[in-house]
Every structure is written in C-alpha cells, then in structure tokens.
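Structural description and commentary
Below, each chain spelled out in residue letters.
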Amino acid sequence: MTVTEKDFEDQMKFLREKGYRVITTAEFFDFVAFKRQLPGKSVLITIDDGWRSTYEIAFPILRKYHYPSTLFLYTDLISGTRSTLDWDLVKEMAENGVDIQCHTVSHRSLIKAAGHGSFKEYFDFLCRELGDSAQIIKKKLNIEVKYLAYPYGDTSPLVVAVLQKLGYRGAFTVERGSSPFFVQPYRINRSMIYGDFDLDDFERNLTIFRGKGSN
C-alpha cells in the first residue's frame, strides 16, 4: 500500500510528459452533471486517510507539478502523532491546492454488520460517520464537504440515501476502472496505485473511456 517518494515523483512526471490533464473533484462532478466538458486524458488524483507522509512526500511533489488533488480524511486519524497529520498541516495543504473531503470519522465499514445491533443503532452509526465527519471538517477548516470516499469501498442503497440526505454530491469506491460521464455519482470508480507498480503498471491503470466511434 506504500508508494515510495521516487515512484510517486516518476508517476507525476509521467502524467506531465504523456499529456494527461489533472482535474479537481469539483470539475469532475460538473462533468458528470453535464455542466462542463473535460479535456481528453483527464485524471483525478486522490489520497485517503491522513497520514503524515501525505504532507511530507506527496504534497511537495504535487505542488512542484501544480497538480490539484483531493485528500479524503477520516477525522479520528488527525491526531498529530509522528505518523499522522494534524489540523494545522491539513489547513496548509487546503490553502495550497489540496481539496479536503470526507472518509468518515472512524474508517469503519459502512455496511451493516452484526456489531451494529438494531436498525436504529446502525442508522445512527451511519449519521455519525457521515454527518459528524463533515461537521468536524467544517469546524476545523471552514470547508463544506461534498464528497466521500467509502472506507474499503463499501456502500449500499441505504448509505447512498443517507449521503444524499446530508447533502453530499457524490462518493468514490475502490473499484478499478474509468469513470465516464454516465457513471453513477455515488459509485465513482477509482484505480488504486500500489507500491509494487512500475510505470507500465501505472499506465495500464490510466484507463480512458472511449465510446463507440471515439479516437
């Protein structure tokens, strides 16, 4: 799950040299909502959780290439230990091209499990994970959260309904693949980039949707 500094630098350089266009999450969702067209070879860079290496390694490289990105935080992790971010570091990134969005409070799966007890207990759990995390980010950073990355990619129709009720615009899975304009906005595909990928593997994961008759 760990990508080295050199590999991440090489991947960002590859995007530049091969003519990929790095877009923001808001631009992508405007595209899904038929509000804008995107340039060819558009990609969205996302990072999950809130580890300190995001600030120490990824952030300087992203700034070097002037690439926007989205950091999905689970708020329990933002504790300021040697290995985790604190809110001051998150704020600095937010002020310099990193879009801060939600990855729940605790990173527990949002799918109902035996430990969730009754339906009411489970529903209350969903509201806390999805609502409290957005409120914490709002309080700490004055950012209105609109997007979620599902922990482990787990979702369901009920989870989507709660997201819609709370005002989320869309959410991301970890299902590999491109996300064309007709993708379901609460089940956006994402291709995880693993530490053992070489640049050929990286390129294979830059899937570009091509409809019938496209070049």
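Above this text sits the structure in question.
Residues numbered from 1 in each chain as written. Predicted model: local features only at pLDDT ≥ 70, side-chain atom pairs only at ≥ 80, totals over all residues. Heavy atoms only, no water.

1. Quick notes on the pattern of salt bridges
Pairing between side chains of opposite charge can happen when their charged atoms approach one another. So the rule is basically this: One speaks of a salt bridge when a side-chain nitrogen belonging to Lys or Arg is within 4 Å of a carboxyl oxygen belonging to Asp or Glu. Strands here mean DSSP runs of E at least two residues long; helices mean DSSP runs of H or I at least four residues long; both are numbered from the N terminus. Burial classes: relative accessible area under 20% of the type maximum marks a residue as buried, over 50% as exposed, and values in between as partly exposed (1.4 Å probe, protein chains only).
Applying the stated rule across the entire model yields 10 salt bridges. A salt bridge links Asp-10 to Lys-6; the nearest nitrogen and oxygen atoms lie 2.7 Å apart. Here the residue Asp-10 and the residue Lys-6 both occupy positions in helix H1 (residues 5-17), the gap between them amounting to four residues, near one helical turn. Look at Asp-10 and you get partly exposed, because its relative accessible area is 24%. Among the residues examined, Lys-6 registers a relative accessible area of 58% and is labelled exposed. The salt bridge involving Asp-48 is made with Arg-190; its shortest N-O contact spans 2.9 Å. Here Asp-48, found in strand S3 (residues 46-49), pairs with Arg-190, found in the loop between strand S7 (170-172) and helix H7 (199-204); they are 142 residues apart in sequence, far enough to count as distant. Here Arg-190 falls in the buried class, since its relative accessible area comes to 10%. The network of salt bridges with shared partners includes Asp-30, Arg-36 and Arg-169.

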